[in-house]
There are 4 protein chains.
Amino acid sequence: MKDTATLLINCPDRKGIVATVADFLYKHNANILHADEHQDSGKNLFFLRTEWDMSDFALSKKKFEIRFSPIADKFQMKWKVFYSADKPKIAIFVSQEEHCVSDLLYRHKSKELYCGISLIVSNHPNAKALADYHGVPFYEIKVNKVNLIDAEQRILTLLKENNIDLVVLARYMRILSGRFIQAFGNPIINIHHSFLPAFVGAKPYHQAYERGVKVIGATAHYVTADLDQGPIIEQDVLRVSHRDSVEDLAQKGKDMEKIVLSRAVKWHIENRVLTYGNKTVVFD
Amino acid sequence: MKDTATLLINCPDRKGIVATVADFLYKHNANILHADEHQDSGKNLFFLRTEWDMSDFALSKKKFEIRFSPIADKFQMKWKVFYSADKPKIAIFVSQEEHCVSDLLYRHKSKELYCGISLIVSNHPNAKALADYHGVPFYEIKVNKVNLIDAEQRILTLLKENNIDLVVLARYMRILSGRFIQAFGNPIINIHHSFLPAFVGAKPYHQAYERGVKVIGATAHYVTADLDQGPIIEQDVLRVSHRDSVEDLAQKGKDMEKIVLSRAVKWHIENRVLTYGNKTVVFD
Amino acid sequence: MKDTATLLINCPDRKGIVATVADFLYKHNANILHADEHQDSGKNLFFLRTEWDMSDFALSKKKFEIRFSPIADKFQMKWKVFYSADKPKIAIFVSQEEHCVSDLLYRHKSKELYCGISLIVSNHPNAKALADYHGVPFYEIKVNKVNLIDAEQRILTLLKENNIDLVVLARYMRILSGRFIQAFGNPIINIHHSFLPAFVGAKPYHQAYERGVKVIGATAHYVTADLDQGPIIEQDVLRVSHRDSVEDLAQKGKDMEKIVLSRAVKWHIENRVLTYGNKTVVFD
Amino acid sequence: MKDTATLLINCPDRKGIVATVADFLYKHNANILHADEHQDSGKNLFFLRTEWDMSDFALSKKKFEIRFSPIADKFQMKWKVFYSADKPKIAIFVSQEEHCVSDLLYRHKSKELYCGISLIVSNHPNAKALADYHGVPFYEIKVNKVNLIDAEQRILTLLKENNIDLVVLARYMRILSGRFIQAFGNPIINIHHSFLPAFVGAKPYHQAYERGVKVIGATAHYVTADLDQGPIIEQDVLRVSHRDSVEDLAQKGKDMEKIVLSRAVKWHIENRVLTYGNKTVVFD
C-alpha cells in the first residue's frame, strides 16, 4: 500500500481550474497516480479527484492547507484532502441477516477493504460469534419504540468514543431517527434490497414478487432523513422469472446485496464518491 | 418452419394433469417438440405449454376441440390451442422515434418474427418512408384531446378490417383510452422506457437522471386501463454513470428498448406468455 | 425442507416417454413439485428431471427400483433417483486463496447449500482457522512431484472413509492426476478463473490482461483427465477496462468465482445437472 | 453539435505533463469540455484525451501544430488532434447477413453516428436495396481466390478515391490480405461473433455449441495481419443454455454483434480509442 494523498474538489466550472491545480501539485513535486474530473454542464459544476504519491511530495499536511487555501478561495472550491495513512474507522450495524456483515468482514480480513472495523452494533445476538471470530467488539443494543432515544444515545456515544468516520448499515432493519443522523454527522451507507426508487420501504422482495418484475435489484445509498431517498452510490440487478418464489428472490438477492454494498463501501473509503444535490459522482 | 400446434393451459393444480394431457397427445400420435410447466404453489395454480409437430398428428382443429373439451372441463382448465399455420396479424403504432418500429420491421424482414405486419399507425408522418420501404400500409392519424373519440374509432375500424391479433406500441406517445382497449379486445404490448414500477408516466429518463440512478431500464408490458400497470412481459437494464446526461440516457436506452420490445413480441407470437392476476408466466 | 425424490432420465427420444413416466408417478400418488424436460433433436436425446413430494408417495426406495426398471428398460433410459433425505457429502479442496471456501462454508451455514461438508483438504495451513470456526475437519496434505502418489492416496482414503459424494476444488492449485480422478469415481467440480475455453491453464488473469480483453469470466466445470476441458456447468463474466491492472482483475474476479462455483455446487447437489458427451443440461 | 477539437496523447509518463498541457490550452483560451487520462504504470506510459470548444479558441489548425510541437517534442509525445468539423468518412463491407450494416445505417440516419458513410462494398447483391434506401453507393465486388489481387485493388482504388478514413467489416466474410491492410493504411474495425480469444476463426457459434458454453460473446477489434488477433475495442456477452441450438445462438448473437460493433465504431469516430502494443485504451 503506497502512502498517498487524495484531493477532492467541487466548484463552479470555469477556465483554468485544471491548469492551476496541476501546476500547484507539479511545483510541489507531486507524483500524480490518478486524476479524474467531471463537469455537470447543466448545473455549471466541476468535480476533480486526484491522488498522488506522498514520498517525494514537498508539503506537510499543515502546509498543504495553508498553501492551497488561496487557490481554493479563488475558485470557490469545496475541497477535502485525505491521507492514506489515516485509515477510516468503520462501525457496522446489522440485524438478523448476516450475509452482508460476513462479507464485509471477509473483505476486510483479506485486505480488500483498507479501513479499520472498530465495532459492530446489532439489535440481535446472532452476529456475535462472527464478530468474535474476526476479533471485532460486538454490542447488542435492542432498539424499540419505547427506548429509542436512550438506545440511539448509547450508540452515538460508542461512535464518538471510537471516532467512527463511517457507519455501514449491513441489513440493519431499524430506521435511524433524523436526530441520530444529524448528531452523528458523518456519512452512513445503507443497502436497500430493491432497485430504488422502485419498492421503497418494507419488504421490497414481496413487493417485487407481487408486481411480477423480471429483474430485481439492490441499491447502496447514503442515508438522509428521508427514508430510502438519499444519494445513490451503486446499484445492480439480476434476472428472475415466474419460477422464483419470494423466498427465491430473497435468496438470490443476497449475493447482489453483498456485492453492491461492498463496492459502495470500498469506493467511499477510497474517496471516490462526491455528493452534490441528491446525486453522486463516483470516480471508479 | 415446421407445422406445429401449441397448447396453453392454466388451471387449479392437482394430481394427474400432466399424465392426462401427455396421454391424450400420445394417443393421437403427437410428436412433442417442447413442453414446459409451472406451478404457483401459493395460488395453487398450474400452467402448461406444449408444442407438437402436426405432421403425424391424428386430430383436425375441429376434432381437437371436441375431444379435448372433456379433459379441460374435468380439470377446470382455461386453455387455448394455436396453430403455426395461422400467423398472427400485427399492427404497430408509433410516434416520432423510429428506433423500435425500424427494429421490428427489420426482424420481420429477416424472418426472426414469424407474423404478418398488416399496418402501421402514427400520429406523425416520419415513419412513412420506412413503412414504404418495407411495403407496409401506413396510416397517419392525428390524435388529440378534441378528436380523441373519432380518431380512436378510425383506428379501431382499421384494426377490425384487418383482423389484427396484436397491437404493438413501439414508442407511441399517446395514451389509449380505456374504451379503446376494451373495444379492441385483443392484446396490446407497450414498451415503457424505464424499469417499471420506477419512473411511471412521462419523461422517465428525466426522472432517472434527477434521481441519480446508476442503472436504467426498459419494460415491455401488456396494456391495461391503468397506465404503466399492466402485466410485465420482459425487462432489461444497463449501467449508466454521472457522466451520462439526460440525452445520453435516452440515446443508450434506445438499444435496450428495441431489444426488450422485440423479445416480448417474439415470445407473445410464439405463444410463450400466459397472464394471470397482474403477472406473466414466460416459457422462454 | 420438504421430503422429496428427484428422478433424472437421459434416453433416446421417442413418443410416449412423458406419458408413461407421468402415468407411473400419478398411479403411485406422487405429488409432482417440479418437472422439466429437454430434447437434443440433433442427437435425438431426451432428458427429464422431475421432483415429487414423498409424503403421499406409495413406493419405498426399493419398490421404486423394482417397479420402474421395466419402464427404464423399455425406453433404454439411463436414470437415477435421489432422495432429499440422503444429503450429499462434500469435501472441499483449497490452496492459499480462501474466498471460495469461505463463501461455500457461509452458504452451508446459512442453509443455502443443502449438503454435508465433511472435510477440507489443503496444501497450505491458511484455511485451518476458518475450518475450525465452522467446525469442519481440516487436513493439511502437502502435494508435490515427489510425494504425488502417496499424497493422493492419503486423500483418496479420506474421501472413501467419509463416503464423499462430491469433491469441490475451491481454488485448489494442484492438478489432480488421472489416476486420482478415476479412483475417486464420483464427480469433482472445479472453478477456473477464466471464461473457458479462453485462457486455459495457469495464470488466466495474466493472460486476459495481456490480450487486453474487455470482459473477464469464470467457469465451473466437472473435472476430467483433460485439464480445463470437462463439461461446463456454469459461467459468468464481468466488464473490465484499460484501468484494471492484473491485480484488479484478480480482485474483481473473486466475486465472480465465488458466485459461479456456488451456483454450480448448488445445482449439482439439487440434482439439476445432467451430463452427456462433454456438455451439461442444467435444469435451473 | 458543437464545434470542438480533440487531442490524443500517448507518451512516457513523467511529472508535469498535465500541468503543461492544461496550461497551454488555458493560455489559448480553450474551454475544456472533457478530459480523461490513464497511466500504464507497468509500461510507464501516459495517455491523455482532452476535448475543447473551438468557439473561443485562439489557435488555428496550423498555429496549433506550430505552437504545440515543442511541448510534444519535450515529452516525446505521439499525438494527434481531431477537429469535429472534419467528419470521418466510412466504408462498410458486408456479405450476406445484413443485421450489422442495417444497424449502422439506421444509427447514421438517426444522427447517433457522427460521420459520413461514403460507400458499401459487398461480395453479394443482397444489401443493395438497403443501400439504395439510405442513398449510399453500393459496389458488388466478388472476391475469390482467383481474382483476389485484382478485386482488392479495385476496392483499394474506391477507398482512395473517396478518402476513406475507416473501413468497418460488418460481418464481411472474406479475409482481407495483409497486402490490402497495409496498402489501405487507415484503421479497419471488424466484428467477430465470439468472445475472443475463445473460438478464433470460422463458425464460432458452432464451436461454442460444441464446447457447451453457458455464455456467448462478440468482439469488435482492429484488424491486423494476424486473423482475429488485433487490439480489442469492445466485447459483450449474453447467457445461453442447453435449450439453445446453433441456430438460436446465431439468432441471439445478432443483437449483441450489432451493439458491440456500433459501440466500437462510435468510440472510434469520437476519437476515444488509443492503441498501444496490442491493446486499447477506451475513454468512454
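Residues numbered from 1 in each chain as written. Chains lettered and ligands numbered in written order. Predicted model: local features only at pLDDT ≥ 70, side-chain atom pairs only at ≥ 80, totals over all residues. Heavy atoms only, no water.

Further remarks concern the overall build of chain A. Within chain A, the regular secondary structure consists of eight helices and 13 strands. Here chain A has a C-alpha radius of gyration of 21 Å; the compact-globule value for 284 residues is 19 Å, and the two agree. Dimensions of chain A, computed from the C-alpha atoms along their principal axes, are close to 60 × 40 × 35 Å. For chain A, the proportion of contacts with a sequence separation of at least 24, taken over those separated by at least 6, is 66%. Surface accessibility of chain A: about 11900 Å² in total, with carbon and sulfur atoms responsible for 51%. In chain A, 38 side chains carry a positive charge and 34 a negative one; their mean positions are 2 Å apart. (Helix = DSSP H or I, 4+ residues; strand = E, 2+ residues; numbered from the N terminus. Rg over C-alpha atoms; globule rule 2.2 N^0.38 Å. Contact = heavy atoms within 4.5 Å. Areas by Shrake-Rupley, 256 points an atom, 1.4 Å probe, with all protein chains shown as cover. Lys, Arg positive; Asp, Glu negative; His and termini not counted. Charge placed at Lys NZ, Arg CZ, Asp CG, Glu CD.)

Residue and element names in this part refer to chain A. Looking at chain A, the domain boundaries give domain 1 (4-83) and domain 2 (89-282). Computed over C-alpha atoms only, the centres of domain 1 and domain 2 are separated by 31 Å. Tallying the contact residues gives 11 residues for domain 1 and eight residues for domain 2. Of the roughly 820 Å² buried between domain 1 and domain 2 on both sides combined, carbon and sulfur atoms contribute 60%. (Domains from an automatic or database assignment. Buried area = accessible area lost by both parts, 1.4 Å probe.)

Residues and elements named next belong to chain D. Strand order in the open sheet made by the seven strands is β7-β6-β5-β8-β9-β10-β11, with mixed pairing throughout. The open sheet has two edge strands, β7 (138-140) and β11 (232-239), and neither has a second partner. When strand polarity is set aside, the average angle formed by the axes of neighbouring strands in this sheet is 15°. (Pairing = 2+ DSSP bridges. Axes fitted to C-alpha atoms, helices over the stretch in contact; angles between N-to-C directions.)

Turning our attention to the interface of chain B and chain C. How big an interface is tends to be reported as the loss of accessible area on association of its parts. Contacts between the two partners involve 18 residues from chain B and, on the opposite side, 18 residues from chain C. Between chain B and chain C lies a buried interface of about 1400 Å² when both sides are counted; carbon and sulfur atoms form 51% of it. Counting across the interface, chain B meets chain C through two salt bridges. Among the salt bridges present, the one from K15 of chain C reaches D56 of chain B, with a minimum N-O distance of 3.3 Å. Along the contact surface separating chain B from chain C lie six residue pairs in polar contact (both at pLDDT 80 or more). At the level of secondary structure, the elements contributing two or more residues to the side of chain B that touches chain C comprise α1 (17-27) and β2 (31-40) of chain B. Residue classes in the side of chain B that touches chain C are distributed as eight nonpolar, five polar and five charged. (Salt bridge = Lys/Arg side-chain N within 4 Å of Asp/Glu carboxyl O. Polar contact = N/O pair within 3.5 Å; in protein donor to acceptor, adjacent residues only side chain to side chain. Nonpolar A, V, L, I, M, F, W, Y, C, P; charged D, E, K, R; others polar.)

This paragraph deals with the side chain of E152 of chain A. Residue and element names in this part refer to chain A. Mapped onto the secondary structure, E152 falls in helix α5 (residues 148-161). For the buried E152, no salt bridge exists, and the shortest N-O distance to an oppositely charged side chain is 4.0 Å, to R179. Contact partners of E152, with chain neighbours within four places excluded, come to I175, L176, S177, R179 and F180. (Buried < 20%, exposed > 50% of the residue type's maximum accessible area, 1.4 Å probe, protein only.)

All names here are of chain C. Judged by pairing direction, the sheet is antiparallel, and its four strands sit side by side in the order β2-β3-β1-β4 without closing on themselves. For this open sheet the edge positions go to β2 (31-40) and β4 (78-83), each flanked by a neighbour on one side alone. Adjacent strand axes in the sheet meet at a mean angle of 10° when their direction is disregarded. Sitting on the sheet, helix α2 (residues 61-74) touches β1 (4-12), β3 (45-53) and β4, and the angle it makes with β4 is about 160°.

Taken residue by residue, the interface counts 35 residues in chain A and 35 residues in chain B. In this assembly, chain A packs against chain B so that about 3000 Å² is buried in total across both faces, 49% of it on carbon and sulfur atoms. Looking at the side of chain A facing chain B, the largest losses of area belong to R211, K214 and H242 of chain A, adding up to 24% of the total buried there. Seen at the junction of chain A and chain B, the total is six salt bridges. E234 of chain B is the partner of R239 of chain A in a salt bridge, and the nearest nitrogen-oxygen pair spans 2.7 Å. Across the chain A-chain B interface, the total number found is 24 residue pairs in polar contact (both at pLDDT 80 or more). Those elements giving two or more residues to the side of chain A that touches chain B turn out to be β2 (31-40), α7 (204-211), β11 (232-239) and β13 (279-282) of chain A. If you tally residues by element for the side of chain A that touches chain B, the top one is β11 of chain A, at seven residues. Looking at the side of chain A that touches chain B residue by residue, the classes come out as 14 nonpolar, eight polar and 13 charged.

What follows covers the packing of aromatic side chains. Overall, the coordinates contain 48 aromatic pairs over all chains when judged by the stated rule. Taken together, a centroid distance of 4.9 Å and an interplanar angle of 75° make the contact between F195 of chain A and F195 of chain B edge-to-face. With one member in each of two chains, F195 of chain A in the loop between β9 (188-192) and α7 and F195 of chain B in the loop between β9 (188-192) and α7 (204-211) form a pair that bridges those chains. Seen from their ring centres, F68 of chain D and W79 of chain D are 5.1 Å apart, and the 70° between their planes marks the pair as edge-to-face. Of the two residues, F68 of chain D sits in helix α2 (residues 61-74) while W79 of chain D sits in strand β4 (residues 78-83), which places them 11 residues apart along the sequence. We classify F68 of chain D as buried; its relative accessible area is 0%. (Phe/Tyr/Trp six-rings, centres within 6.5 Å; stacked < 30°, edge-to-face > 60°.)

Our next topic: the relation of the copies chain B and chain C. These two copies of the chain differ by a rotation about an axis and a displacement along the same axis. Here chain B sits on chain C after a turn of 180° about the axis and a move of 0.0 Å along it, with an RMSD of 0.0 Å. Expressed as a symmetry operation, the mapping of one chain copy onto the other fits a two-fold axis. When C-alpha distances to the rotation axis are compared across chain B, the minimum falls at A19 of chain B, with a value of 2.8 Å. Same-surface contact between copies: 100% of interface residues of chain B are shared with the interface of chain C. (Least-squares fit on C-alpha atoms with pLDDT ≥ 70 in both.)

Turning to the pairing of β2 of chain C, a few remarks are in order. Residue and element names in this part refer to chain C. Within β2, seven of the 10 residues are buried, leaving the element largely enclosed by the surrounding structure. As judged from the nine bridges shared by β2 and β3, these two strands associate in the antiparallel manner. Note that in β3 the partner of Q39 across the bridge is F46. Taking the residues that link successive antiparallel strands as the turn, the β2-β3 hairpin has four residues, and the phi of N44 there is positive, at about 55°.

Looking now at the relation of the copies chain A and chain B. Mapping chain A onto chain B is achieved by rotating through 180° and translating by 0.0 Å along the same axis, at an RMSD of 0.0 Å. Counting the interface residues of chain A, we find that 100% of their copies in chain B are interface residues as well, pointing to one common contact surface.

Quick look at the environment of I92 of chain C now. Residue and element names in this part refer to chain C. Tracing the chain through its elements places I92 in strand β5 (residues 89-94). Counting along the chain gives 77 residues from I92 to L169, while the straight-line C-alpha distance between them is 6.1 Å. Beyond its immediate chain neighbours, meaning those up to four positions away, I92 contacts V101, L104, I117, L119, I120, V121, V168 and A170.

With that settled, the discussion passes to unusual backbone geometry. In this model, L196 of chain A is joined to P197 of chain A through a cis peptide bond whose omega is 10°. As for its position among the elements, P197 of chain A is in the loop between β9 and α7. Here N163 of chain B, not a glycine, exhibits a phi torsion of approximately 50°, which is positive. Looking at the element boundaries, N163 of chain B is found in the loop between α5 (148-161) and β8 (166-169). Although it is not a glycine, Q76 of chain D adopts a positive phi angle of roughly 55°. Among the secondary structure elements, Q76 of chain D is positioned in the loop between α2 and β4.

Turning next to the pairing of strand β3 (residues 45-53) of chain A. Moving residue by residue along a regular strand, the side chains alternate between the two faces of the sheet. Residue and element names in this part refer to chain A. Burial within β3 is extensive, with nine of its nine residues counted as buried. Side-chain alternation along β3 places L45, F47, R49, E51 and D53 on one buried face and F46, L48, T50 and W52 on a second face that is also buried. As defined by bridge partners, strand β1 (residues 4-12) adjoins β3 across nine bridges and the pair is classed as antiparallel. Its bridge partner being in β3, L7 is matched across the sheet by T50.

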